[in-house]
Amino acid sequence: MPIKNLKVITGILLLTFCLLNGSIQAQILYQDTEHFSTFDWTQNLRFQILDKSHAYGTILYDRGFSRVLTPLTKHEYELDMMGQEYFFGDQFAWHKNGQQGLRSRFSSYDKGRWAVFTELHVDSELSDKSAIGLSTHLQQHGRAERALFEFTYKRKLSERQSLYFQHTVAEFKRDLDLTLSYRYQGGEMGDFRFDFTYQDYLNNVVNKVGNDAYFQTPEEAAMNFQEQIKSPNTLFLGRWNSPGDQRFHWDLSFIVQPPVKKNIFNNAEDEFSVDSREWLYVLNGVVDVNVGPVTVGVFGYKTFNNEERNGVADQNRVDYTAKQNNYKVGLVAKGKAWKWTPLLRISREYYNDFQSGENGGVSVVDQEFDLKERRWMLDAGLMYKVSPKLSIASRYQSQLRTTNEDLNALQASEEIHNLVRNWGQFYINTGRRVDNRVTLHINMHLHRKFKLQLFGAFDLDADTNRYVDRIQRFDKGGAKMVVVLD
């Protein structure tokens, strides 16, 4: 099924749930929540791992599952994503409510390009002890383009314990992923979740039957590249979040993918065979305290990805290692005073992309390099409640970025199929750079079923772009919507 058809189906489902009568209640953006959560980061990276076929690039793309670097993630991309994300209080409310309903957020990040994150979750009880569910995820941004379905069967073991069986479905997906999840909910120490996923459990079955070329992406079909999984491909996810009705609160999660071995080969070339060994881990969490109208927390997020490749490509020996290390630590706060709600998020972020070895000819960067990027990120805002149906907010958003000289390796790279052709010119500049903007948010509570937030940004640092050689003051715009089920 073409991905455009999946988008149409997803759109119809979203519209249907917006128009349903009776049971749907809307969740207000910038809700008066007492605590924070950053679990969205863990969840989105899980999809990047399970649905590798729709992450940016082909089989040869070797900049990690998180895809921090792609030709589409230009110099303000992280600032764009920070402004588009749900505030940590809204994430807490969504995950506390069991993810029942719909969330959608979208905004521009380049001329004609939009980052879209839409998810819809529905459950239906079969009996007192069992239920089935369906989750759909439409994601289109600088690091992926996917329409992913995940089916769930829930079996209640006791009042607080449940088992979940989950299965993914997506277009151009080479194989099937089965997840067994144990959940413990409502205890004095909070909620626990532990997932075990067996990825690609039929060992790339769709590459072994039917028309192989059909199940490849167009880029891979043109290059005749395929991969064979040589070891069990597993994934572990854990989460522990404390009860939401206490003064202190935490939401901690992790992902671990043990080393998985693959062989990349080319049907058109007998002397092309490259072995890959890749593993990763993710740590994510926020700890906060609520004192009356004020909630203050600290958060941290870290990913590490390691891939080793060796073999023969085009009669040349391949032997190199690519590592990506990404983390962010910061402070988040929210208050309440009469009709005013101040918001603050500040973080120190770091990204290191390191590559070493004898021959990186099959890499997207065909030489050794050690790229380091450091960022200070700031999001400070103030919201005013005009009426029960309308509130407005203004936020100042800024990033201070410093990169080292090894960005030149990206500028000079002769990369396969020009995947990084414009990195040096349009992604980031070597040295220090400041980007900042002011955004205006309008929250409209038009109906109990439907809440909408619109936002636009005014550029303060006098950017130009590749399309028009003059200062552009309108600096992105977008919207957010949340609908939840009773």
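Above: the structure in question.
Basis of the calculations
- Residues numbered from 1 in each chain as written.
- Predicted model: local features only at pLDDT ≥ 70, side-chain atom pairs only at ≥ 80, totals over all residues.
- Heavy atoms only, no water.
- Helix = DSSP H or I, 4+ residues; strand = E, 2+ residues; numbered from the N terminus.
- Buried < 20%, exposed > 50% of the residue type's maximum accessible area, 1.4 Å probe, protein only.
- Contact = heavy atoms within 4.5 Å.
- Areas by Shrake-Rupley, 256 points an atom, 1.4 Å probe, with all protein chains shown as cover.
- Core = buried A, V, L, I, M, F, W, Y, C linked by side-chain atoms within 4.5 Å.
- Axes fitted to C-alpha atoms, helices over the stretch in contact; angles between N-to-C directions.
- Parallel < 35°, antiparallel > 145°, perpendicular 65-115°, else oblique.
- Nonpolar A, V, L, I, M, F, W, Y, C, P; charged D, E, K, R; others polar.
- Pairing = 2+ DSSP bridges.

### Some thoughts on the overall build of the protein
Phase 1: The helix and strand inventory of the protein stands at seven helices and 20 strands.
Phase 2: Each of the 486 residues in the protein was classed as buried or not, and the buried ones make up 55%.
Phase 3: Expressed as a percentage of contacts within the protein between residues at least 6 apart in sequence, the contacts between residues at least 24 apart total 65%.
Phase 4: Accessible surface, the protein: about 21,100 Å² in total, of which carbon and sulfur atoms supply 57%.

### Notes on the nonpolar core
Phase 1: Ile-49 and Ile-255 are the most contacted members of the largest nonpolar core, which totals 18 residues.
Phase 2: Those elements that place two or more of their residues in this core are helix 2 (39–50), strand 10 (233–241), strand 12 (269–291) and strand 13 (294–313).
Phase 3: With four residues, the single largest contributor to this core is helix 2.
Phase 4: For Ile-255, the residues in contact, after removing those within four places along its chain, are Thr-42, Arg-46, Ile-49, Leu-235, Phe-236, Leu-237, Leu-280, Tyr-281 and Val-282.
Phase 5: One finds Phe-225, Ile-264, Ala-313 and Val-362 within the second-largest nonpolar core, a separate group that totals 11 residues.

### A short note on the packing of helix 2 against helix 4 (residues 88–96)
Phase 1: Put simply, helix 2 and helix 4 touch, their axes get as near as 9 Å, and they point 70° apart. By the angle between their directions, the pair helix 2 and helix 4 is classed as roughly perpendicular. Contacts between helix 2 and helix 4 involve Phe-39, Asp-40, Trp-41 and Gln-43 on the former and, on the latter, Phe-88, Gln-91 and His-95.
Phase 2: Among the residues making up the contact of helix 2 with helix 4, the classes are represented as three nonpolar, three polar and one charged.

### Overview of the pairing of strand 20 (residues 474–485)
On a regular strand, one side chain projects to one face of the sheet and the next to the other, so that they alternate.
Phase 1: Burial of strand 20 is extensive: 11 of the 12 residues sit out of reach of the surface.
Phase 2: Where strand 2 (residues 101–110) lies against strand 20, seven bridges are found, and the strand directions are antiparallel. Of the residues in strand 20, the one forming a bridge with Phe-106 is Ala-479.
Phase 3: Pairing analysis gives seven bridges linking strand 19 (residues 450–459) to strand 20, with the strands arranged antiparallel.

Everything listed here is a matter of geometry and, on its own, says nothing about what the molecule does.
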